[in-house]
Amino acid sequence: NLKWKASPGAVGYKVYWREAWTPDWQHEVAVGHVTEFVLPSVSIDDYVFGIAAVGADGNGSLVSAYVNPPRR
């Protein structure tokens, strides 16, 4: 279950993920104008995740690595 803060001007988002031991993104999915998304059957122990904002012109931002906030 991934959650992120909205980016000003974004009309949608893409979620990226890759196996933890690979250097390049292997998968991506456009998720629309939402700030959370569930990837079923994908273990957080085996993958690294990233989020990119998509603007009205269709261009995407750099991918920001998805990091879990520390538990309190």
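Thresholds, definitions, all that
- Residues numbered from 1 in each chain as written.
- Predicted model: local features only at pLDDT ≥ 70, side-chain atom pairs only at ≥ 80, totals over all residues.
- Heavy atoms only, no water.
- Helix = DSSP H or I, 4+ residues; strand = E, 2+ residues; numbered from the N terminus.
- Rg over C-alpha atoms; globule rule 2.2 N^0.38 Å.
- Areas by Shrake-Rupley, 256 points an atom, 1.4 Å probe, with all protein chains shown as cover.
- Lys, Arg positive; Asp, Glu negative; His and termini not counted.
- Charge placed at Lys NZ, Arg CZ, Asp CG, Glu CD.
- Core = buried A, V, L, I, M, F, W, Y, C linked by side-chain atoms within 4.5 Å.
- Buried < 20%, exposed > 50% of the residue type's maximum accessible area, 1.4 Å probe, protein only.
- Contact = heavy atoms within 4.5 Å.
- Pairing = 2+ DSSP bridges.

(A) Structural view of the overall build of the protein. A count of helical and extended segments in the protein gives zero helices and six strands. Its helices and strands taken in sequence order, the protein reads β-β-β-β-β-β from the N to the C terminus. For a compact globule of 72 residues, the expected C-alpha radius of gyration is about 11 Å, and the protein comes in at 12 Å, within 12% of that figure. Taken along the three principal axes of its C-alpha coordinates, the protein extends 35 × 30 × 20 Å. Surface exposure of the protein reaches about 5,300 Å², of which carbon and sulfur atoms provide 53%. Within the protein, the 7 negative side-chain charges are centred at a point lying 12 Å from the centre of the 6 positive side-chain charges.

(B) Fine view of the nonpolar core. Membership of the largest hydrophobic core is limited to twelve residues, which are Leu 2, Trp 4, Ala 10, Tyr 13, Val 15, Trp 17, Val 31, Leu 39, Phe 49, Ile 51, Ala 53 and Tyr 66. Secondary structure elements with two or more residues in this core: β2 (12–19) and β5 (47–54). Excluding its chain neighbours within four sequence positions, the residues that come into contact with Leu 2 are Val 15, Thr 35, Glu 36, Phe 37, Leu 39, Phe 49 and Tyr 66.

(C) Up close: the sheet that holds β5. Overall, antiparallel pairing links the four strands, which are arranged β3-β2-β5-β6 in an open sheet. The open sheet has two free edges, formed respectively by β3 (27–32) and β6 (64–65), since each of these has just one partner strand. Here β2 runs beside β3; their pairing, made up of five bridges, is antiparallel. Within β3, the residue paired with Trp 17 across the bridge is His 27.

(D) Molecular detail of the pairing of β2. The element β2 is extensively covered by neighbouring structure, given that six of its eight residues are classed as buried. Two strands pair when backbone bridges link them, and β2 and β5 are joined in this way by eight bridges, in the antiparallel orientation. Paired with Arg 18 across the strands is Val 48, a residue of β5.

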